[in-house]
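As a plain string of letters, each chain reads:
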Amino acid sequence: MRAYLGAAGVAAVLLLGAASGPAVADSRSVGSDGFTIKDPRITESSGLAASRAHPGVYWTHNDSDDGAYLFAIDGRTGRTVATITMSGIGSPRDVEAISVGSDGNIYVGDIGDNLGGKWDHVWIYKLPEPKKLTDQTVRATQYDVKYADGPRNAEALMVHPKTGRVYIVEKGDDGGGLYEGPAALNPSATNTFSRIADIDLWATDAAFSPDGKQLAVRGYFGGISYKWNDGKPERQGRLSVPMQPQGESVTYTLDGRTLLYGSEGQGSEVEPVEVEGEAGDGSNSSSDQGGSGGDEGGSPFTGKAGAVGAAAVLILLFGIGRLLRRPKNR
């Protein structure tokens, strides 16, 4: 027998809930519940970074050569509260990543290579994070970047919150490398990034935790968490990455308690996954973050081949679902 709860019953339940104890204020960062990007101009959100100057605001940008634009998104509403036009730089070629440093600057990675690692140099742009969120033009500094072992395609750029050093993760077909930049970027010389570790993932973005103790690397169908270990990343386990149309971005909330995952596409969803361990302290004794399975045997979808395999599985499951679906009565 189906039970029905009348208006009086609803009122009683609400009253009992209110009487059970005082409400606990939600101390999580704004945006921790995720949000939908509402701006119709943002069709290829390829990077995501939590603002330090404006808590609850998240910076993003379009992929490829859309222009020298950055968008400040309100984590409560998903609406754009400011559009920044970068000046003092050339024409962006393939903008793929964004990170906010503890020095008060925004770092933008024009580091993609649609030719598969043929361009002999890429660029990083640095600009001060605006104090006021209004549509404005901000002058940026442009840095030439090369890799010690030759051209690479990359979509992940991170600034370490303690050292201020810039890192790039290669998007390699069978996994890629983690590249470390010089101690300080030089706008008047070529900045050479050197490979310091292997990353077993076809990486589309990465982010440091606010305390700098964790590194989260995501791909289209999975992710890996690393203990930073003073610049020597130690693999901890798999990240629970949500299924998205084209998962391109990740950032920690300012409190370090949530990872936000973004995707390309107009009206795209930014989806939250809670980080295990205490808020923002980087302590995570589990081999797996956000409720995914253990790390035995590694991630099932690593490298380009794994991503293609995962896509095939999704298509297969979708097809089976349609076959098993009962026809509607007419």
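The structure we're discussing is the one just above.
Now for a description of the structure that goes with this document.

## Digging into the layout of surface pockets
Turning to step 1, where the next piece is worked out: The space that makes up the largest pocket amounts to roughly 250 Å³.
Turning to step 2, where the next piece is worked out: Surrounding the largest pocket, 21 residues form its lining, Arg52, Ser99, Val100, Phe208 and Thr251 being those nearest its centre.
Turning to step 3, where the next piece is worked out: Tallied by class, the residues present in the lining of the largest pocket amount to 16 nonpolar, 4 polar and 1 charged.

## A few points about unusual backbone geometry
Turning to step 1, where the next piece is worked out: In this structure, Asn229 is a non-glycine residue whose phi angle is positive, near 55°.
Turning to step 2, where the next piece is worked out: Among the secondary structure elements, Asn229 is positioned in the loop between strand 17 (223-227) and strand 18 (234-239).
Turning to step 3, where the next piece is worked out: Accessibility expressed as a relative area gives 37% for Asn229, which makes it partly exposed.
Turning to step 4, where the next piece is worked out: Phi at Asp230 takes a positive value of approximately 55°, unusual for a residue other than glycine.

## Description of the packing of aromatic side chains
Turning to step 1, where the next piece is worked out: A complete count under the given rule lists 6 aromatic pairs for this structure.
Turning to step 2, where the next piece is worked out: Aromatic pair Phe208 and Trp228: ring centres 4.8 Å apart, planes at 80°, arrangement edge-to-face. Within this pair, whereas Phe208 is found in strand 15 (residues 203-208), its partner Trp228 is found in the loop between strand 17 and strand 18, the two being separated by 20 residues in sequence. Like Trp228, Phe208 is buried.
Turning to step 3, where the next piece is worked out: Site record: aromatic cluster; members linked through ring pairs are Tyr167, Phe208 and Trp228.
Turning to step 4, where the next piece is worked out: Directly above the aromatic system of Trp119 lies the positively charged group of Arg93, at a separation of 4.0 Å from the ring centroid.
Turning to step 5, where the next piece is worked out: The positively charged end of Arg93 is found above the aromatic ring belonging to Trp123, 4.6 Å away from the centroid.

## Side note on the sheet that holds strand 3 (residues 57-62)
Turning to step 1, where the next piece is worked out: Here we have 5 strands laid out as an open sheet, ordered 2-3-4-5-9, and mixed in their pairing. In this open sheet, the two edge strands, each paired with only one partner strand, are strand 2 (45-50) and strand 9 (136-139). The sheet shows a mean angle of 30° between the axes of neighbouring strands, direction not considered.
Turning to step 2, where the next piece is worked out: Across 4 bridges, strand 5 (residues 80-87) lies against strand 9 in parallel orientation. Of the residues in strand 9, the one forming a bridge with Met86 is Val138.

## Regarding the sheet that holds strand 1 (residues 35-36)
Turning to step 1, where the next piece is worked out: With antiparallel pairing, the 4 strands of this open sheet are ordered in space as 1-21-20-19. Bordering the open sheet on either side are strand 1 and strand 19 (247-252), each of which pairs with just one other strand.
Turning to step 2, where the next piece is worked out: Of the strand pairs in this sheet, strand 20 (residues 258-263) and strand 21 (residues 269-274) are connected by 4 bridges, and their pairing is antiparallel. Within strand 21, the residue paired with Leu259 across the bridge is Val273.

## Here's the deal with the side chain of Asn191
Turning to step 1, where the next piece is worked out: Along the chain, Asn191 falls in strand 14 (residues 191-199).
Turning to step 2, where the next piece is worked out: Of the polar contacts made by the side chain of Asn191, one reaches the backbone oxygen of Ala189; its length is 3.3 Å.

## Description of the pattern of salt bridges
Opposite charge on two side chains allows them to pair when their charged atoms are near.
Turning to step 1, where the next piece is worked out: Enumeration according to the criterion identifies 9 salt bridges in this entry.
Turning to step 2, where the next piece is worked out: We note a salt bridge from Glu155 to Lys171, for which the minimum N-O separation is 3.0 Å. Pair noted here: Glu155 is in strand 11 (residues 154-159) and Lys171 is in the loop between strand 12 (166-170) and strand 13 (176-180), with a separation of 16 residues, a long-range link.
Turning to step 3, where the next piece is worked out: Glu155 sits in the buried class, given a relative accessible area of 6%.
Turning to step 4, where the next piece is worked out: Since its relative accessible area comes to 11%, Lys171 is described here as buried.
Turning to step 5, where the next piece is worked out: We note a salt bridge from Arg235 to Asp200, for which the minimum N-O separation is 3.8 Å.

Reading the values: the criteria
- Residues numbered from 1 in each chain as written.
- Predicted model: local features only at pLDDT ≥ 70, side-chain atom pairs only at ≥ 80, totals over all residues.
- Heavy atoms only, no water.
- 1 Å grid on protein atoms, 1.4 Å probe; cavity = no way out; pocket = protein on both sides within 12 Å on 5 of 7 lines; lining within 4 Å.
- Points joined across faces, edges and corners; volume = space filled by probe spheres on them.
- Nonpolar A, V, L, I, M, F, W, Y, C, P; charged D, E, K, R; others polar.
- Helix = DSSP H or I, 4+ residues; strand = E, 2+ residues; numbered from the N terminus.
- Buried < 20%, exposed > 50% of the residue type's maximum accessible area, 1.4 Å probe, protein only.
- Phe/Tyr/Trp six-rings, centres within 6.5 Å; stacked < 30°, edge-to-face > 60°.
- Lys NZ or Arg CZ within 6 Å of the ring centre and 35° of its normal.
- Pairing = 2+ DSSP bridges.
- Axes fitted to C-alpha atoms, helices over the stretch in contact; angles between N-to-C directions.
- Polar contact = N/O pair within 3.5 Å; in protein donor to acceptor, adjacent residues only side chain to side chain.
- Salt bridge = Lys/Arg side-chain N within 4 Å of Asp/Glu carboxyl O.

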